[in-house]
Amino acid sequence: MNPPPTSSSIVSRLDALYEYDREPVKPQDLHGWKVFWSTYAGENIAGTEFVLGPLFVMHGATASAVFGGLAFGNLLAVLSWALICAPIAVRTRVTVYWQIRRMGGPWLAVIYSSLVAVFLCLLAGSMVGISVTAVSLPFHIPNPGPGVPIPSLAWMGLALGVGSIIAVLAVLGFEGMAIFSKMCAPWMVTVFFAAAIASLPRLGCSSIASFWHVANERIWTGHAAPGYTPYTFWHIAGFAWLCNVTYHIGMADMTILRYAKKWQMGFTSSAGMYLGHFCAWIASGILCAAAVGDKTPGPIAYLGAGFAGALCVVIAGWNVASPTLYRAGLGLQVITAGWKRWRVTFLIGAVVIIFACTPAILVNLDRIVGYNGLFFLPLGACIFIDYWIFPKIGLRPCYAEFARLPVNWPAAFTWAGALLFSLFAYGKDHYPFIQNLVAGRLPAWIDGYRPDLFYLVLPEWMVAISLYIVFSLVGQKWVRRSDLQPSPSPAQ
Amino acid sequence: MKTLLKIASFSGLALMLGSAIAVFYGVMTTHVYYIMAAVGTGLWFASVPFWMRHRLHKHSGAGAASPPETKRVTPG
């Protein structure tokens, strides 16, 4: 049998980092509906909303595809929160990190935590880039246009300045910053609405009756801009579902919803989805069309609400970038032995500034968000099956904890296998190296299956649950139960 | 006092939204709307820390017992 994994220093550091989150939440710490409505309503409007809404315009979606797709995709997201994530969160009352550790072993938790940190760096980079598009306005520094691989030196200087300030704030006072960002939330929602309403006359819409006509003729016209693939209803619905998949099907919001008194509180995610991922995306799409196809966040927000709009972009980028840096710093601190928090955060800040100076990240933000969702989805599927199905088919849940395994290989192989499935399903039609590899060798039924990245949530989830059941049946039968001693519960 | 501060905060938001609606119906110029939006922003940020900070400290999000989680970081 393998030795207890806590002897490893990296694992110990990660455990120490999450020490406070290890125990199930006590009944007196539970929260009611109001807290969850405000949490979700306030935290799903960020700088990225200024980028994602315009992308639907550039990809030539029609108005009915945008409205219908967002309504349907966000409904799927809300149901995923309420029916998949929340029930397990309120029954286990532990963080996703701890649930992964119990199910997949401490090393899998370290890998998960580190990869989350890497994605957070990308996200923070995009946020810094978004803020700089507004900060550049008073200095008359042009923002990088479409197809420009590297911004001007002056723009990069601004990114360095903004990124440095954000990194300093992330080091100095996380708590105050989090409170400030919550104070900004109602104001940001209002700016989005006001900017969109005030921009409509520029598009020839001056009455509610003419909105739908203008929406079809001037905003979501159905014609993709050069270099953009056309988006349909299913692309939009798929993206709305996939956008936060890490948090619902991927189970990351167990960390929040474990404080809920009832699983039904998962439905409060609808506040975030329909304010942030419906209204705000539609509003920023209107702003993009009013700016004649300019999709740079700073200029379009300035056009929509003047100084308030530009300030909204700066704050919307900054108040997500700073906590993102903080979280990424926490995640990576465990693998940078002996480094002070400020040193790790500044190192990450440097990486984030490099990402901010890469315009391709903003241009492809929807794809990057999609890859992120698909990357972390399989572990959420494993948690789901581990909790609900394993006891019913005679398999032991939280097997790594029970058997004191550093890595529960069925979970690790499921993660890799489900990811490879998606990479192959999408890549065989989009990545030249995979296309060359499989050209003429695939059976017709596989060759005919051509999903977009945004269509892969359900297939990948089903592949993940199938693999995890099969691998666990094999894996758990290889070990004689009589040899195993249950380890102490994490609460002890 | 707190009620007055709340009224000031929400008046700021109402000013922004109301002037945007006025632009929509053609009864206000964009330039005046920009000024109104800036004034509304000023009202909000000048008043909101005095009544919302206390409330947020009291229960800072769902993750009150978990400092690193006081702000969710979502990609959209």
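Residues numbered from 1 in each chain as written. Chains lettered and ligands numbered in written order. Predicted model: local features only at pLDDT ≥ 70, side-chain atom pairs only at ≥ 80, totals over all residues. Heavy atoms only, no water.

Asker: Can you lay out unusual backbone geometry for me, pointing to particular residues and giving the numbers?
Answerer: All names here are of chain A. Unlike most non-glycine residues, His140 shows phi in positive territory, near 55°. Here His140 shows up in the loop between helix 6 (106-139) and helix 7 (153-172). Given a relative accessible area of 72%, His140 falls into the exposed group. (Helix = DSSP H or I, 4+ residues; strand = E, 2+ residues; numbered from the N terminus. Buried < 20%, exposed > 50% of the residue type's maximum accessible area, 1.4 Å probe, protein only.)

Asker: Kindly report on the environment of A:Val313, identifying the contributing residues and their values.
Answerer: Residue and element names in this part refer to chain A. Checked against the element boundaries, Val313 lands in helix 13 (residues 297-333). A relative accessible area of 0% places Val313 in the buried class. If we skip the residues at most four places from it in the chain, Val313 touches Phe50, Ile130, Ser131, Thr133, Ala134, Pro297, Gly298 and Ala301. (Contact = heavy atoms within 4.5 Å.)

Asker: Which residues make up the pattern of salt bridges, and what are the values?
Answerer: Residues and elements named next belong to chain A. Following the criterion strictly, the structure yields five salt bridges over all chains and no others. Residues Glu401 and Arg102 are paired through a salt bridge, measuring 3.4 Å at the closest nitrogen-oxygen approach. Here the residue Glu401 occupies a position in helix 17 (residues 399-403), and Arg102 occupies one in helix 5 (residues 96-104), the gap between them amounting to 299 residues. Looking at Glu401, the relative accessible area reads 18%, which means it is buried. Arg450 is the salt-bridge partner of Asp447, the closest N and O atoms lying 3.8 Å from each other. Judged by relative accessible area, Asp447 falls into the partly exposed class, the value being 34%. Here the residues in one salt-bridge network are Lys428, Asp429, Asp447 and Arg450, joined through shared partners. (Salt bridge = Lys/Arg side-chain N within 4 Å of Asp/Glu carboxyl O.)

Asker: Break down the packing of helix 6 of chain A against helix 7 of chain A for me, citing the residues and quoting the values.
Answerer: Residues and elements named next belong to chain A. Contact pair helix 6 / helix 7: the axes reach a minimum separation of 9 Å and the direction vectors enclose 120°. Comparing the axis directions of helix 6 and helix 7 gives the class oblique. Helix 7 is crossed by helix 6, and the crossing has right-handed handedness. In this structure, helix 6 uses Val128, Gly129, Ser131, Val132, Thr133, Val135, Ser136 and Phe139 to contact helix 7, whose residues at the interface are Trp155, Leu158, Ala159, Val162, Gly163 and Ile166. Looking at the contact of helix 6 with helix 7, its residues break down into nine nonpolar, five polar and no charged. (Axes fitted to C-alpha atoms, helices over the stretch in contact; angles between N-to-C directions. Parallel < 35°, antiparallel > 145°, perpendicular 65-115°, else oblique. Left-handed = near helix turned anticlockwise from the far one by under 90°. Nonpolar A, V, L, I, M, F, W, Y, C, P; charged D, E, K, R; others polar.)

Asker: Which residues make up the confidence of the model for chain B, and what values do they have?
Answerer: Residue and element names in this part refer to chain B. Per-chain confidence: chain B averages 80 in pLDDT, with 68% of residues scoring 70 or above. Here residues 59-70 scores under 50 on pLDDT; set against residues more than four positions off or in separate chains, the count is 35 contacts. In the predicted assembly, ipTM is 0.84 and pTM is 0.86. (pLDDT = per-residue confidence, 0-100.)

Asker: Quick rundown of the packing of helix 5 of chain A against helix 16 (residues 365-388) of chain A? Include the residues and the values.
Answerer: Residues and elements named next belong to chain A. For the pair helix 5 and helix 16, the least separation of the axes is 11 Å and the interaxial angle reads 70°. Between helix 5 and helix 16, the angle is such that the two are roughly perpendicular. For the pair helix 5 and helix 16, the crossing hand works out as left-handed. Taking contact as the criterion, the partners of Val96, Gln99, Ile100 and Met103 in helix 5 are, on helix 16, Leu379, Cys382, Ile383 and Asp386. In terms of residue class, the contact of helix 5 with helix 16 is made up of six nonpolar, one polar and one charged.

Asker: For the nonpolar core, give the residues involved together with the corresponding values.
Answerer: A:Trp220 and B:Tyr33 are the most contacted members of the largest nonpolar core, which totals 176 residues. If we skip the residues at most four places from it in the chain, A:Trp220 touches A:Val57, A:Ala61, A:Thr62, A:Ala63, A:Val66, A:Phe67, A:Phe211, A:Ala215, A:Ile282, A:Gly285 and A:Ile286. Counting five residues, the second largest nonpolar core, distinct from the first, contains A:Ala400, A:Phe402, A:Ala403 and A:Leu405. (Core = buried A, V, L, I, M, F, W, Y, C linked by side-chain atoms within 4.5 Å.)

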